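Breakdown of the fold
Spelled out from the first residue to the last, the chains are:
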Amino acid sequence: MRSICLYFQVHQPFRLRTYRFFDIGADHYYYDDYQNKHIVKRIAENCYLPANEIMLNLIKEHGPNFRVSFSITGTAIEQFKKYTPEVIESFRKLAKTGNVEFLAETYSHSLAAFKDEAEFMQQVKKHAETIEQMFGVKPVTFRNTELIYSNDIADKVYKLGYKMMLTEGAKQVLGWKSPNFLYNSRPHPQLKLLMRNYQLSDDIAFRFSQSSWGEWPLTADKYLNWLNIIDKKQDVVNLFMDYETFGEHQKAESGIFSFLKALPGIVLNSKKWIFRTPSQLADLLDPVTTLDVPYNISWADEERDVTAWLGNDLQDEAFDTLYSVSDIMADCDDEELIRDWNRLQCSDHFYYMCTKWFSDGAVHHYFNPYSTPYEAFINYMNVVSDFLIRVKEYSENRIAGGKPLKKVEKTEPAAPQKTIKAKPVKETKPAKPKAAAKVTTRKAK
Amino acid sequence: MKVLMFGWEFPPHITGGLGTACFGMTKGLLKHGIDVLFVVPKAYGDESQEAVRLINASDVTVKMREPVFQDYWNQITFMEIGSNLIPYVGPVEFEKMVAEDLRSTEEKMNPVFAERFTFSGKYGQDLMTEVSRYALIGATLASEQQFDVIHAHDWLTYPAGVAAKHVSGKPLVVHMHATEFDRSGENINSNVYDIERKGMEEADRVITVSNLTRNIVIERYGINADKVFTVHNAVEPIEKAELADSEKHVKEKVVTFLGRITFQKGPEYFIEAAKKVLERDQNVRFVMAGTGDLMEKMIRRAARLKIASKFHFTGFLKGENVDRMFAMSDVYVMPSVSEPFGISPLEAMRSNVPVVISKQSGVAEVLNHVLKVDFWDIDAMADAIYSLLHYKSLTTMFRQHGTEEVNNLKWENAAAHIVEVYNQVYQK
C-alpha cells in the first residue's frame, strides 16, 4: 500500500511590543505579553485543542494505520507552558499513542543556518532536547525553518546525525520529477528527503474555504479521487502544512474539522493508502535519485525561495545587526540574554519586513502584526539596538571580571544566495540545473 | 468631448497646489481626447502703485505662452476674467489683503475678455462678491460657448459652475481639492460651507482628491455617496538638475518641515517630536520652512523647549530655495492634521528625501514607501525620524522604491478616471 505522510507545523513567535527609540538603554523588556497570550489562547481554542482531540480519536479508531507527525518550535512550547498548559498535555496524550512522530528543528524557528553554523547546531540540539524532555522521544527526522533547504544545509543537518529531512517539492528543483518519491541529498546520499506535494497540501491549507475556487467545496471523497489519479508507481504523498490550517486559517465554519475527521477513514477504506511517519518511510523506501539543490528553497510564496525573510535592505540590515554579536553569544551564560537572543532570531521578525506587496501580500498580511514592513523594521531595530548594548556590556563585564570570552572556532557558512534564483529545470533536459547554476554563480561574482 | 472648466489659477500664476494640479490634469485630459475650455480669474493690482507687480505678473504670463507651453495652450481655449479671487484665504484675510492693495482700483481687464464684458466701477472688496461675479461670468460663458460637461474646482468656482449648469442644462462635475474643514478645523465659515454644500448638491458628480476627503464630503456635507468619486492627484515628472549635496553646510543631519505654519499643517507636533529626538541625539538639526499664523507661537514653543539652537525657522521659501531645502534634507516630515491630498511629500521623494507623513493625509492612500504616523502620535513620529537617521537601509529602500512610486503617479492615469466620471453624465 502506498503512503500518505502528514506533517503539521506548530509555531508561535514572541511578538514584540511597540518599542520606541527612547526605550533603548532604558527598558530591556521587549515582548507584548498581552498580545502573545491573547493569540496563543485564541489559537489553542480554535485549533490546537480541537484538532488534537480529533487526531487522538482518529488514532483510536484506525490504530496503526493512522499516523501523523508534528514539529513544535521551542518558542511555541515556551508560550504553551506559560499560557495554555492544556495544549502541552494534549500533545503528550498524542505522544503516548506511539502513532505520532515529533520532528527536530531550530529551537526558535530561526534562520541561523545562513549566518552562524555553530548557533544553528546548538539550536537544533536544544530543540531536540526540549522535545525529548516534553514527549519522551528523541527526534530522528529534521525539518528546517519554513522547510528551507539547500545542499549547504543538508551538509549541516547530516553532521548533526539526521538521516531524514523534509522540504518543499519546489518546481525549480524537481522540474519534471514528481514530489511523490523518496529522494536523497547530493552532499550526503545517506540523508533522505521527503518533498512536499504543494498542490495537494495547499488544496487543504490555502484553498479549502475559497468559494471562488473551482473545486469548492472540497470533500474527502473528492480528495481521495485526486489521490487515486496519482500514478501507481509513486510511493508517497507528502501533505505538509501549518497546523493552524485547522480552525484558524480555515475557520471551523468552513467545515475543515469535518473534513479532517472524515478523510482518514475514507482514504483507509479504499485499501490503497496508509498513513506513515517520516521515520517509517526512511526505513521503508529507497531513494529514487539524488537532488542537487545549490540554491535555497522553502515552502513560502510562489517563488518557494527565501525572499520572504531575507534579501531586501531592511531584512539584511536587521539580520546582520543581530548576528554581529554571535561571537559573544556563543559563550554567553546570562539567561536573560540567551532568552532574548533566541527570541530575536525567530524568522517571523524578518518576515514582517517583507516588501513583496503585490503577489503574496494577502498571505503576508494575515501573519503580520505591523501595518507596514517599515514599522516592523523600525521596531525590531530599536529592540536589537538595546540588545546589542546589553550584550556589549556583558562582554565588557566578563573581561573586567577576569573571565574573557572563549574564542569559538567557526567556519563562515556560505551566505544565502538570496538574490539569485535557481532557474526552473526544463522538462526535457534534466542536466540543466548544474549548467544554469554555474552561469549564475559566475554572474554573482 | 468638450469641457468648460472653472479654476482660479493656472501656472505660472500659482500660489498653491491647485494651479499645478489643474495644469497637470488638463494635460492629462488632452491625452484622452478631451478639449478643455479653462476659465480663470486673474488678479490685477492698481495701475500706478501696483505697476511693478503688474509688470512682473505680465512677464510670467508671457513666459507661459512661450513654446514650452504652446502645445498645450493651442489646444486649450484660455480665458482670463478680471477678478480678485485669491486662493487659500478666507473672506476675512481677503478683506485685509484687498484693503491694503486695492484701495481705489480701476478695473483692469484682459483685452480678450474686455471686448465682451464691461465691468463698471471697482472690484468688489469682499470675497463673496467676487465669487458671485465669477458666477455671472460663468452663466454668460455658458450661454455663448459650446461644451458637453462643466467641471468646477473648489468652492470659489462652484457658483459659476452651478450658474453655467442652469443656463446650459449641461451636467456639472465639481472637484473637491480641500474642504472648509481642512482649511479651518472645526471653526468653519458657514458661508463657505454653504457654497460647498450647495455646489455639491447641485452637481451631477463630485470628484474628491482622496478617500479621506470623500468621507468628509459624505459625512459632513451629507452628499449622496453614489455620486462621489475619488481620483487621487498625480504629479508632473520634473527634469531639473540635481542640486549637489555640497549645498549642505552643516555636518548634522537635517529634518525638514516645509509648508504653511498653520493649524492644518500640524507644526506643533513636529516641534514636540523634534524635542524627543534631540533628547537622545544632538547630531541633528530641525528646520521649519514656511510662514503662517502660528509661526510666532512655534518660535516661542521651540525656545521654551530649549531646542532653539537646533531648531531653525527659514521663513517663506520659494522656487529654487525649496529645491535647495530638499537637497539639504535627510528627512522630510509632513505632520498635517488634515490634508486632503498633500503634494509636498511627492516633491521630497522626487528629490530622494525619505518622508514621514501623517495618516490624516490623502497622499498616504497612494504611497507605500514612506513612514506613516498619526499626526498626534509624537512618539511614533519621533521614532520614525530617529529610525531614518540611524538605520540606513530605510533610506536606501525609500530612495530605491520611492522615486519609482512617485513616477507612477501620472496625470494621464488620473485623467482617465476623470473621463470615466464625465462619461457617466455625458449626454450625447
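1. Description of the overall build of chain A
- For chain A, the count of helices and strands is 17 helices and twelve strands.
- Burial status across chain A gives 60% buried among its 445 residues.
- At a minimum sequence separation of 6, the contacts of chain A that also span at least 24 residues come to 78%.
- Working note: accessible area of chain A is about 18500 Å², and carbon and sulfur atoms make up 52% of it.

2. Section: the confidence of the model for chain A
- Counting all residues, the mean pLDDT for chain A is 90, and 89% of those residues have values of 70 or more.
- Predicted confidence is poor over residues 418-445 of chain A, with pLDDT under 50, and the contacts of this stretch with residues over four places away or in other chains come to 27 contacts.

3. Focus: helix α5 (residues 151-159) of chain A
Residue and element names in this part refer to chain A.
- Within α5, burial applies to Asn 151, Ile 153, Ala 154, Lys 156 and Val 157.
- Each element contacted by the buried residues of α5 is listed here: α4 (117-135), β4 (141-143), β5 (164-168), β6 (182-185) and β12 (290-291).
- One or two steps after α5, the chain reaches Gly 161, where phi turns positive at roughly 100°.

4. Details of the sheet that holds β12 of chain A
- Spatial ordering of the open sheet is given by β4-β5-β7-β6-β12 (chain A), a layout of five strands whose pairing is mixed. A strand with exactly one partner marks an edge of an open sheet, and here the two such strands are β4 and β12 of chain A.

5. Quick look at the interface of chain A and chain B
- Contacts between chain A and chain B engage 20 residues on the former and 24 residues on the latter.
- Our count for the chain A to chain B interface comes out at two salt bridges.
- Among the ionic pairs, Asp 377 of chain B bridges to Arg 20 of chain A, the shortest N-O distance being 3.8 Å.
- Per element, the largest residue contribution to the side of chain A that touches chain B is seven residues, and it comes from helix α16 (residues 373-400) of chain A.
- Along the lines of polarity and charge, the residues of the side of chain A that touches chain B split into eleven nonpolar, five polar and four charged.

6. Some remarks on the environment of Gly 266 of chain B
Residues and elements named next belong to chain B.
- Among the structural elements, Gly 266 can be located in the loop between β8 (253-258) and α11 (267-280).
- For Gly 266, a relative accessible area of 0% corresponds to the buried category.
- Here the alpha-carbon distance between Gly 266 and Ser 336, two residues 70 residues apart in the chain, equals 4.8 Å.
- Beyond its immediate chain neighbours, meaning those up to four positions away, Gly 266 contacts Pro 335, Ser 336 and Val 337.

7. Observations regarding the pattern of salt bridges
All names here are of chain A.
- Going through the model one piece at a time under the given rule, you end up with 41 salt bridges over all chains.
- Here Asp 27 ties to Arg 17 by a salt bridge, and the two come within 2.9 Å at their closest N and O atoms. Linking Asp 27 in the loop between β1 (2-10) and α1 (33-62) with Arg 17 in the loop between β1 and α1, this pair joins segments that are ten residues apart in sequence.
- Looking at Asp 27, the relative accessible area reads 30%, which means it is partly exposed.

8. Describing the packing of aromatic side chains
Residue and element names in this part refer to chain A.
- One pass over the full model with this rule turns up 46 aromatic pairs over all chains.
- Clustering of aromatic rings is evident, with ring pairs tying together Phe 8, Tyr 48, Phe 70, Phe 80, Phe 91, Phe 102, Phe 135, Tyr 243 and Phe 246.
- Sitting above the plane of the Tyr 107 ring, Lys 126 keeps its charged end 4.4 Å from the centroid.
- The aromatic ring of Trp 299 is capped on one face by Arg 143, whose charged end is 5.7 Å from the ring centroid.

9. Focus on the side chain of Asp 383 of chain B
- Assignment of secondary structure puts Asp 383 of chain B in helix α15 (residues 378-390).
- Among the polar contacts made by the side chain of Asp 383 of chain B, one reaches the main-chain amide nitrogen of Phe 21 of chain A at a distance of 2.9 Å.
- Once residues within four sequence positions are removed from consideration, Asp 383 of chain B is found in contact with Tyr 19, Arg 20, Phe 21, Ile 378 and Asn 382 of chain A.

10. Describing the nonpolar core
- Core analysis: the largest hydrophobic core is formed by 106 residues, its most contacted members being Trp 309 and Phe 387 of chain A together with Phe 286 of chain B.
- For this core, the element with the most residues is α16 of chain A, which contributes twelve residues.
- Setting aside chain neighbours within four positions, we find Phe 286 of chain B in contact with Val 255, Phe 270, Ala 274, Val 277, Leu 278, Lys 310, Phe 311, His 312 and Ile 385 of chain B.
- By size, the runner-up hydrophobic cluster in this structure holds 60 residues, among which are Leu 6, Val 87, Ala 95 and Trp 273 of chain A.

11. A closer look at the sheet that holds strand β11 (residues 331-334) of chain B
Residue and element names in this part refer to chain B.
- Taking strand neighbours across the sheet as the criterion, the six strands line up as β10-β9-β8-β11-β12-β13 in an open arrangement whose pairing is parallel. The sheet terminates laterally at β10 (311-315) and β13 (371-373), the two strands that pair on one side only. With direction set aside, neighbouring strand axes in the sheet form an average angle of 20°.
- Relative to strand β9 (residues 284-289), β8 is paired through six bridges, and the arrangement is parallel. Residue Phe 257 lies in a different strand from β9, and its bridge partner there is Met 288.

12. Comments concerning helix α2 (residues 74-83) of chain A
Residues and elements named next belong to chain A.
- Counting buried residues along α2, seven of its ten residues qualify, which places the element largely inside the surrounding structure.
- Among the residues making up α2, those that are buried are Gly 74, Thr 75, Ala 76, Ile 77, Gln 79, Phe 80 and Tyr 83.
- Tucked inside the fold, the buried residues of α2 contact β1, α1, β2 (68-72), α3 (85-97) and α4.

13. As for the pairing of β1 of chain A
Residues and elements named next belong to chain A.
- In terms of burial, β1 is a largely internal element, nine of the nine residues being buried.
- Because side chains alternate across β1, one face comprises the buried residues Arg 2, Ile 4, Leu 6, Phe 8 and Val 10, and the other comprises Ser 3, Cys 5, Tyr 7 and Gln 9, equally buried.
- The sheet contact formed by β1 and strand β8 (residues 236-242) spans seven bridges and is parallel. In the strand pairing of β8, Tyr 7 is matched with Phe 240.
- Pairing between β1 and β2: four bridges, direction parallel. Bridged to Tyr 7 within β2 is Ser 69.
- Remark: the β1/α1/β2 crossover connection has right-handed handedness.

What counts, and where the lines are drawn
The residue numbering used here restarts from 1 in each chain and proceeds along that chain's sequence as written. Chains carry letters from A onward and ligands carry numbers from 1 onward, assigned in written order. Side-chain atom pairs in this predicted model are given and counted only at pLDDT of 80 or more, local residue features only at pLDDT of at least 70, and totals for whole chains, interfaces and linings cover all residues. Side-chain measures here rest on the full set of heavy atoms in the structure, leaving out hydrogens and waters. Numbering goes from the N terminus for both helices and strands, where a helix is a DSSP run of H or I of at least four residues and a strand is a run of E of at least two. Per-residue accessibility, obtained with a 1.4 Å probe over protein chains only, is compared with the maximum for each type, and a residue is labelled buried under 20%, exposed over 50%, and partly exposed between these values. The contact definition used throughout considers only heavy atoms, calling two residues in contact when any of these lie within 4.5 Å. Computed by Shrake-Rupley with a 1.4 Å probe, the accessible areas treat only the displayed protein chains as cover when residues are assessed. Confidence per residue, as judged by the predictor, is encoded in pLDDT with a range of 0 to 100. The pairing criterion is simple: DSSP has to find at least two bridges between the two strands. When a carboxyl oxygen of Asp or Glu is within 4 Å of a side-chain nitrogen of Lys or Arg, the pair counts as a salt bridge. Only Asp, Glu, Lys and Arg are considered charged in this grouping, and only Ala, Val, Leu, Ile, Met, Phe, Trp, Tyr, Cys and Pro are considered nonpolar; every other residue, Gly among them, is considered polar. Each pair of aromatic rings taken from Phe, Tyr and Trp, with Trp reduced to its six-membered ring, is defined by centres within 6.5 Å and is described as stacked if the planes are under 30 degrees apart, edge-to-face if over 60, and tilted in the remaining cases. Charge-over-ring contacts are defined here by two conditions on Lys NZ or Arg CZ: a distance within 6 Å of the ring centre and an angle within 35 degrees of the ring normal. Between N or O atoms, a polar contact is any pair within 3.5 Å; within protein, one atom must be a potential hydrogen donor and the other a potential acceptor, and residues adjacent in sequence are included only when both atoms are from side chains. Residues belong to one nonpolar core when they are buried, are Ala, Val, Leu, Ile, Met, Phe, Trp, Tyr or Cys, and are joined through side-chain atoms within 4.5 Å. Every angle, taken between N-to-C directions, lies between 0 and 180 degrees, and every axis is a line fitted to C-alpha atoms, over only the stretch in contact when it is a helix. A clockwise course of the path from the first strand over the helix to the second, judged with the strands pointing away from the viewer, identifies a crossover as right-handed.

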